[in-house]
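Coordinates in review
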Amino acid sequence: MEYFLQQLINGLTLGAIYGLIALGYTMVYSILGMINFAHGTIYMLGAFISLIAFLAATTIGGASVVVALLVALFSTMGFTALWGWTVERIAYRPLRAAPRLAPLISAIGVSIVLQNFTAQAQGARVKPLPPVIQGGFTLMEGDGFTVNLSWMQIIVMVMTLALMAGFTWMITKTSLGRAQRATEQDMKMAALLGIDVDRVISTTFVIGAALAGVAGLMVTLYYGVIDFYIGFLAGIKAFTAAVLGGIGSLPGAMLGGLLIGLIEAFWSGYFSIEYKDVATFGILIMVLVFRPTGLLGRPDVEKI
Amino acid sequence: MGGLLRDCALAAFVAAAMALPMLGFRLVDSANGLSLAGRFDLVAWSAGLVFAGRLALGLLPSLPALPALPARLGNLRFGAGWAMAAFAVALPFLPFADRNLVDKATLVLIYVMLGWGLNIVVGLAGLLDLGFVAFYAVGAYSYALLSQTFGLSFWVCLPLAGVMAACFGLVLGFPVLRLRGDYIAIVTMGLGEIIRVILQNWQDVTGGPNGISGIERPSLFGLSFKAVPPDGQTGFAEFFGMDYSADHRVIFLYFLILALALITNLFTLRIRRLPVGRAWEALREDEIACRSLGINPTTVKLSAFALGAMFAGFAGSFFATRQGFISPESFTFIESAVILAIVVLGGMGSQIGIVLAALLLVGLPEWFRELQQYRMLAFGGAMVLIMLWKPAGLLSQRQPTIRLGGAK
């Protein structure tokens with residue numbers, strides 16, 4: 001039971017991070033209908049930028065840990081948003097009218113470029129960061145096995161909840177969110193009604209990248225090791241999460257992320273850690289075969 | 001002009017801001033943890049470069065459009081294909097060809113063959129397969145395992161590896177059947193990763209991350225290419241009364257992959273005209289119309305998957321015999337991406353386009369091996385730039401192979 005609870009906590013933490021990345025995938029997919037392959041790489045950039053910002057704030061600026069974390073959070077969001085915007089502007093926007101595969105290939109190219117750029121600019125070795133937020137706030141139960149809920153895990157979950165709430169508010173209540181939903185339903189019609197579609201799409205990328213940046217920051221703090229390759233697997237898993245939850249659905253992305261996190265945690269806890277990725281992909285395939293719209297997705301009605 | 005300058009300044013500012021964290025600071029690993037080193041000159045450089053680049057783009061008139069290709073393109077391409085094949089055959093005997101060049105050409109040909117195999121799935125049948133490397137891996141491991149456990153020769157294993165890969169294609173094709181569009185991409189990518197993870201972890205059979213080494217090299221009708229041929233075999237050099245040279249094997253391998261690739265090409269060109277090939281193209285254009293005309297999408301899709309996989313299996317067993325060593329490292333997702341990029345950049349469905357794209361994407365970077373560390377950077381950049389320049393691929397050919405009544 002204790003073991004189960006511990007895995008549950010670990011899985012939820014991991015899932016929250018996947019969920020944040022998945023939001024970016026699902027937003028872009030619902031508007032443009034393309035897999036933004038570079039999104040995982042943006043998350044990796046976020047991890048690096050947050051590490052650099054944190055170190056800059058503490059060692060050069062001499063700030064306290066809390067201030068440094070806030071600096072890292074906001075600068076990461078800002079800088080990754082800028083990277084996301086630029087990627088869209090350079091590599092995707094000119095291809096909007098191109099054949100369907102062109103943006104996908106371009107996105108794969110961008111992700112290769114960003115990965116190798118990071119490896120060259122920051123070195124290919126794994127970057128360790130000593131734990132910043134030291135573990136223990138509670139041991140929930142003790143019965144031969146203690147269940148830990150670390151501060152870091154609480155921060156990850158609270159942060160994710162807060163971002164989700166803010167994000168949902170933005171989509172449902174603000175004019176930007178309305179424009180976004182309109183563009184998603186019918187891009188041409190939205191443009192006719194005076195919505196600046198280009199701007200909406202840019203904003204989508206900016207928001208998605210900022211969320212991925214936060215995920216990168218949290219991974220840096222949570223695991224304490226990053227390298228230039230983390231974006232690939234995390235990106236695939238987050239996309240899996242988006243598909244699992246039903247692509248295009250924002251709560252679905254979060255739900256999918258949590259499920260993927262839980263599956264991974266339980267699989268590595270109870271079966272084998274080597275095959276945890278197989279479990280994730282296996283579930284993705286099962287879902288797509290038996291329920292292609294995902295858990296919360298709308299059925300895709302095809303008109304001829 | 002003022003607008004342009006403002007644009008340039010803006011672009012330079014954005015570049016500087018982007019470069020500030022990633023280039024301006026460098027993470028330095030030392031005994032007492034991570035520290036930062038500044039190098040802000042790089043930020044200034046990138047801002048300056050972007051400013052200049054943006055200015056040049058704005059000042060130059062838009063890039064000249066390519067001259068329209070002649071109308072009788074079909075014949076031209078036909079001739080170009082023969083010319084390229086002739087050049088490929090003559091390559092090892094040309095004066096400037098050394099061992100290094102032939103070796104690189106072999107590598108390019110592997111990718112050409114893989115591209116042609118994937119072209120059946122992506123270009124003809126329109127199924128976006130991002131896990132093609134799985135079949136390549138199946139072919140390579142099939143050959144390695146068959147030859148090591150049963151002592152079978154390359155020539156026996158080659159068809160077996162193809163059949164094995166085709167079976168995998170059938171099995172892995174099933175989950176994909178009900179899906180459409182990008183979902184196919186993501187599922188095939190997942191399947192490819194599953195195969196790789198299994199190869200990595202199934203220690204007893206695949207040797208895990210260490211892979212399989214000492215894979216048997218092929219012989220030419222029993223003529224060995226080893227310096228000292230094994231008992232009961234004659235060496236190639238000895239048989240033809242030449243001095244032994246390691247180059248013989250390199251050239252032999254080159255011709256082997258050339259033959260395999262040309263068979264793939266011939267097969268594709270022919271099968272496009274058969275009912276199943278036409279059904280692939282029809283399915284690519286409109287699945288619903290196909291169904292209503294009585295084409296069974298299941299068999300059509302599965303046949304495309306299986307045939308594409310078969311050629312990947314051939315290429316895989318060639319790869320294994322050329323390297324003499326295989327490990328899961330060689331079959332990562334990036335390989336799938338490279339192969340797909342070759343097909344798409346070449347212009348989906350165009351056989352010659354694939355050769356050009358393979359030369360550009362695999363051959364050119366090989367040439368600059370000295371710049372090893374920037375190789376992948378240039379590769380990714382080339383992918384983006386070619387797509388921006390020609391979104392439909394270098395030589396796009398989407399006309400159906402056959403039209404009703406031979407009309408124009």
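Since we're looking at a predicted model, the values are computed, not measured.

1. Digging into the overall build of chain A
Counting secondary structure elements, chain A contains 11 helices and four strands. A principal-axis box enclosing the C-alpha atoms of chain A has dimensions of 65 × 50 × 35 Å. For chain A, the residues scored as buried account for 51% of the 304 residues in total.

2. Topic: the overall build of chain B
When its secondary structure is counted, chain B shows 16 helices and six strands. Buried residues in chain B amount to 43% of all 408 residues. The contacts of chain B with a sequence gap of at least 6 include a subset with a gap of at least 24, amounting to 74%.

3. So, the UniProt feature "transmembrane region" (unreviewed entry) in chain A
Residues and elements named next belong to chain A. UniProt feature "transmembrane region" (unreviewed entry): in the numbering of this structure it lies at residues 12-35, 42-60, 66-85, 97-117, 150-171, 200-222 and 279-297. Taken end to end, residues 66-85 comprises 100% helix and 0% strand; its first and last C-alpha atoms sit 29 Å apart. Between the C-alpha atoms that bound residues 279-297 there is a distance of 22 Å. The span itself is 63% helix and 0% strand.

4. A word on the domain arrangement of chain B
For interface size, the figure often reported is the accessible area lost on association. For chain B, the assigned domains read domain 1 (1-59) and domain 2 (94-389). Each of domain 1 of chain B and domain 2 of chain B was reduced to a C-alpha centroid, and the two centroids are 40 Å apart.

5. A word on the UniProt feature "transmembrane region" (unreviewed entry) in chain B
Residue and element names in this part refer to chain B. In the numbering adopted here, UniProt assigns the feature "transmembrane region" (unreviewed entry) to residues 43-66, 78-97, 109-138, 150-177, 251-271, 302-321, 333-362 and 374-395. Each end of residues 150-177 is marked by a C-alpha atom, and these two atoms are 35 Å apart; helix forms 86% of the span and strand 0%. The distance from the first to the last C-alpha atom of residues 251-271 is 30 Å, and the span holds 100% helix and 0% strand.

6. With respect to the environment of A:Arg298
Residue and element names in this part refer to chain A. Locating Arg298 in the fold gives a position in the segment after α11 (276-290). Looking at Arg298, the number of C-beta atoms within 10 Å reads 12, which means it is exposed. Separated by 58 residues in the primary sequence, Arg298 and Thr240 have C-alpha atoms spaced 17 Å apart.

7. With respect to the interface of chain A and chain B
Contacts between the two partners involve 54 residues from chain A and, on the opposite side, 46 residues from chain B. With 15 residues, the single largest contributor to the side of chain A that touches chain B is helix α4 (residues 101-122) of chain A. The residue makeup of the side of chain A that touches chain B, split by class, is 41 nonpolar, nine polar and four charged.

8. Points about the nonpolar core
Soluble globular proteins tend to bury their nonpolar side chains together. Counting residues in hydrophobic clusters, the biggest one holds 216 residues, and the most contacted among them are B:Met113, B:Ala341, B:Ile342 and B:Leu361. Apart from the residues within four sequence positions on either side, B:Leu361 is in contact with B:Val338, B:Ala341, B:Ile342, B:Leu345, B:Phe379 and B:Ala382.

9. A word on helix α4 (residues 99-124) of chain B
Residues and elements named next belong to chain B. The end-to-end C-alpha separation of α4 is 36 Å, in line with the 38 Å expected for 26 residues at 1.5 Å each. Along its length, α4 reaches its greatest deviation from straightness, about 45°, at Leu118. Within α4, 19 of the 26 residues are buried, which leaves it mostly tucked inside the rest of the structure.

10. Topic: the packing of helix α6 (residues 154-176) of chain B against helix α13 (residues 297-323) of chain B
All names here are of chain B. Taken N-terminus to C-terminus, the directions of α6 and α13 make an angle of 140°; their axes are 7 Å apart at the nearest point. Considering the relative orientation of α6 and α13, their crossing is right-handed. A class-by-class count of the residues in the contact of α6 with α13 yields 16 nonpolar, eight polar and one charged.

11. A word on the confidence of the model for chain B
Residue and element names in this part refer to chain B. Across chain B, the average pLDDT comes to 81, with 86% of residues at 70 or higher. Mean pLDDT across the elements of chain B bottoms out in helix α9 (residues 236-239) (68) and peaks in α13 (90). The complex prediction reports pTM at 0.84, with the ipTM value standing at 0.83.

12. Quick look at the confidence of the model for chain A
Mean pLDDT for chain A: 85, with 95% of residues reaching 70 or above. Helix α8 (residues 197-223) of chain A holds the highest mean pLDDT among the elements of chain A, 91, whereas strand β2 (residues 136-142) of chain A holds the lowest, 62.

What counts as what
Residues numbered from 1 in each chain as written. Chains lettered and ligands numbered in written order. Predicted model: local features only at pLDDT ≥ 70, side-chain atom pairs only at ≥ 80, totals over all residues. Helix = DSSP H or I, 4+ residues; strand = E, 2+ residues; numbered from the N terminus. Buried ≥ 20, exposed ≤ 12 C-beta atoms within 10 Å, placed from the backbone. Contact = placed C-beta atoms within 7 Å. UniProt positions renumbered as here; feature names shortened; annotations may be inferred. Domains from an automatic or database assignment. Nonpolar A, V, L, I, M, F, W, Y, C, P; charged D, E, K, R; others polar. Core = buried A, V, L, I, M, F, W, Y, C linked by C-beta atoms within 7 Å. Expected span 1.5 Å × (residues − 1). Bend = angle between axes of the 7 residues up to and from the residue. Axes fitted to C-alpha atoms, helices over the stretch in contact; angles between N-to-C directions. Left-handed = near helix turned anticlockwise from the far one by under 90°. pLDDT = per-residue confidence, 0-100.

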